[in-house]
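Structure at a glance
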Amino acid sequence: MSISVGIGLAFVAMLCWGIGDFLIQKSTRKVGDFETLFLITFFGALILAPFVYRDIPMLFVAGNETELAVLLGGALILFVAALLNFEALRKGKISVVEPIWSLEIVTASVFAFAILGEKLSSRETVLVVLLMVGLILVSFRGKVFSHRHFLERGVWLAFLGALCMGIANFFVGWGARLTDALMVNFVFNVVLAFLSGIYLFRHGRISRAFRDLWRYRVSMMPMLVTDNAAWVAYAFSMSLISIGIATALSESYIIIAVLLGLAVNKERLERHQKIGLVVAVIAAITLAALTT
């Protein structure tokens, strides 16, 4: 049962991230990277605080140094990764950035193998590779592949962001196993809100962040809810199933982002995107079924 729940939560994270990233791109272009990051993490910490406040002192008890180090180290990596990804979204096209982010799956899986000894079976490895190929195809919205794709604005930021986010994803899973999914998200949110808040305070933009939240509440409130829900679901998922599989399934949010582009922006799919969509969906469903 716990494995089935883990698979289900990975799909919840996929759905929420698909909507969340679509809204984050709009937010970063309206109010900037630091404001967006601060608002997401500030409200995430605020919402989770009532559920974890009794366990916070345990992090500072002798013998729990590893747990605290993993949470704080992971939070710092996530801070860098989030800023890189937000800046990639702000500067680049989502169609250029998203294919690169599938590399998070490889990074998280490598760290899970190197540190926790997690290994995927040969069938799972094949399905994860097929899923990545499908995601790359479906998220590439040009007509032909070209070396110029790698010269687009935001590409190298996206590469660095994917590397850092893959490591951060692993730390989320590791932290969720050492403590619990709510605690790891709370600590990460507190650290990120504190760091981004310092930047905004030094530039006199804290009050403006809350004014912007109210001003753009129609798009920003759903962003706060979906992004935080995605991280909580993802952390719970990785405490129940393999980090590599949870990451692979949740990364399928790219499919949701493309479908939102179809529905909201009236975009049309190229032939390679249709093929990628079919491959990714079949691979994700088969991977979930085999894991269950």
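Residues numbered from 1 in each chain as written. Predicted model: local features only at pLDDT ≥ 70, side-chain atom pairs only at ≥ 80, totals over all residues. Heavy atoms only, no water.

Quick notes on the side chain of Asn189
- In this structure, Asn189 sits in helix H8 (residues 181-202).
- Of the residues examined, Asn189 reaches a relative accessible area of 9% and is grouped as buried. (Helix = DSSP H or I, 4+ residues; strand = E, 2+ residues; numbered from the N terminus. Buried < 20%, exposed > 50% of the residue type's maximum accessible area, 1.4 Å probe, protein only.)

A word on the packing of aromatic side chains
- In this structure the tally under the stated criterion is 13 aromatic pairs.
- Ring geometry for Phe43 versus Phe210: centroids 6.4 Å apart, planes at 70°, classification edge-to-face. Note that Phe43 is positioned in helix H2 (residues 33-52) and Phe210 in helix H9 (residues 206-215), a separation of 167 residues in sequence.
- A relative accessible area of 30% means that Phe210 is categorised as partly exposed.
- For the ring pair Trp231 and Tyr234, a centre distance of 6.0 Å and an interplane angle of 65° mean the geometry is edge-to-face. Of this pair, Trp231 and Tyr234 both sit in helix H10 (residues 217-238), three residues apart, which is roughly one turn of the helix. Of the two residues, Trp231 and Tyr234, both sit in the buried class.
- When the ring centre of Trp214 is taken as reference, the NZ or CZ atom of Arg217 above it lies at 4.0 Å. (Phe/Tyr/Trp six-rings, centres within 6.5 Å; stacked < 30°, edge-to-face > 60°. Lys NZ or Arg CZ within 6 Å of the ring centre and 35° of its normal.)

Looking at the nonpolar core
- Phe188 and Leu249 are the most contacted members of the largest nonpolar core, which totals 93 residues.
- Among the elements that take part in this core, helix H3 (residues 65-91) stands out by supplying 13 residues, more than any other.
- In contact with Phe188, not counting residues within four places along its chain, are Leu71, Gly74, Ala75, Leu78, Phe171 and Val172. (Core = buried A, V, L, I, M, F, W, Y, C linked by side-chain atoms within 4.5 Å. Contact = heavy atoms within 4.5 Å.)

Section: H9
- Of all the positions in H9, only Ala209, Asp212 and Leu213 are classed as buried. Here the buried residues of H9 occupy an arc of 105° about the axis, which is enough to place them on one side. Opposite the buried face of H9, at more than 90 degrees from it, the exposed residues are Arg211, Trp214 and Arg215.
- Of the surrounding elements, those touching the buried residues of H9 are helix H1 (2-31), H2, H8 and H10. (Arc of directions from axis to C-beta.)

Remarks on the environment of Ile243
- Inspection of the secondary structure puts Ile243 in helix H11 (residues 243-250).
- Each C-alpha atom of the pair Ile243 and Ile105 lies 9.0 Å from the other, and the pair is 138 residues apart in sequence.
- Not counting the four nearest positions on each side in its chain, Ile243 is found in contact with Ala108, Ala112, Leu116, Glu118, Phe170, Gly173, Trp174, Arg177 and Met238.

Description of the packing of helix H7 (residues 155-178) against H8
- The geometry of H7 relative to H8 is characterised by a closest axis approach of 7 Å and an angle of 130° between their N-to-C directions. By the criterion of interaxial angle, the relationship of H7 to H8 is oblique. The two elements H7 and H8 meet at a crossing, and its hand is right-handed. Residues Phe171, Val172, Gly175 and Ala176 of H7 pack against Ala181, Val184 and Phe188 of H8.
- Its residues assigned to classes, the contact of H7 with H8 comprises six nonpolar, one polar and no charged. (Axes fitted to C-alpha atoms, helices over the stretch in contact; angles between N-to-C directions. Parallel < 35°, antiparallel > 145°, perpendicular 65-115°, else oblique. Left-handed = near helix turned anticlockwise from the far one by under 90°. Nonpolar A, V, L, I, M, F, W, Y, C, P; charged D, E, K, R; others polar.)

Quick look at empty space enclosed by the protein
- Enumeration according to the criterion identifies one cavity of 30 Å³ or more in this entry.
- Space inside the largest cavity adds up to approximately 340 Å³.
- Taken together, 24 residues form the lining of the largest cavity, with Trp17, Phe86, Met165, Asp227 and Trp231 sitting closest to its centre.
- At the level of secondary structure, the elements contributing two or more residues to the lining of the largest cavity comprise H1, H2, H3, H7, H8 and H10.
- The leading source of residues in the lining of the largest cavity is H3, at five residues.
- Here the lining of the largest cavity is composed, by residue class, of 14 nonpolar, six polar and four charged. (1 Å grid on protein atoms, 1.4 Å probe; cavity = no way out; pocket = protein on both sides within 12 Å on 5 of 7 lines; lining within 4 Å. Points joined across faces, edges and corners; volume = space filled by probe spheres on them.)

Observations concerning the pattern of salt bridges
- Per the counting criterion, the structure on display carries four salt bridges.
- Sharing partners across several salt bridges, the network here consists of Glu35, Arg205, Arg208 and Asp212. (Salt bridge = Lys/Arg side-chain N within 4 Å of Asp/Glu carboxyl O.)

Quick word on the environment of Glu67
- Note that Glu67 resides in helix H3.
- For Glu67, a relative accessible area of 18% corresponds to the buried category.

Just distances and angles here, no functional claims.
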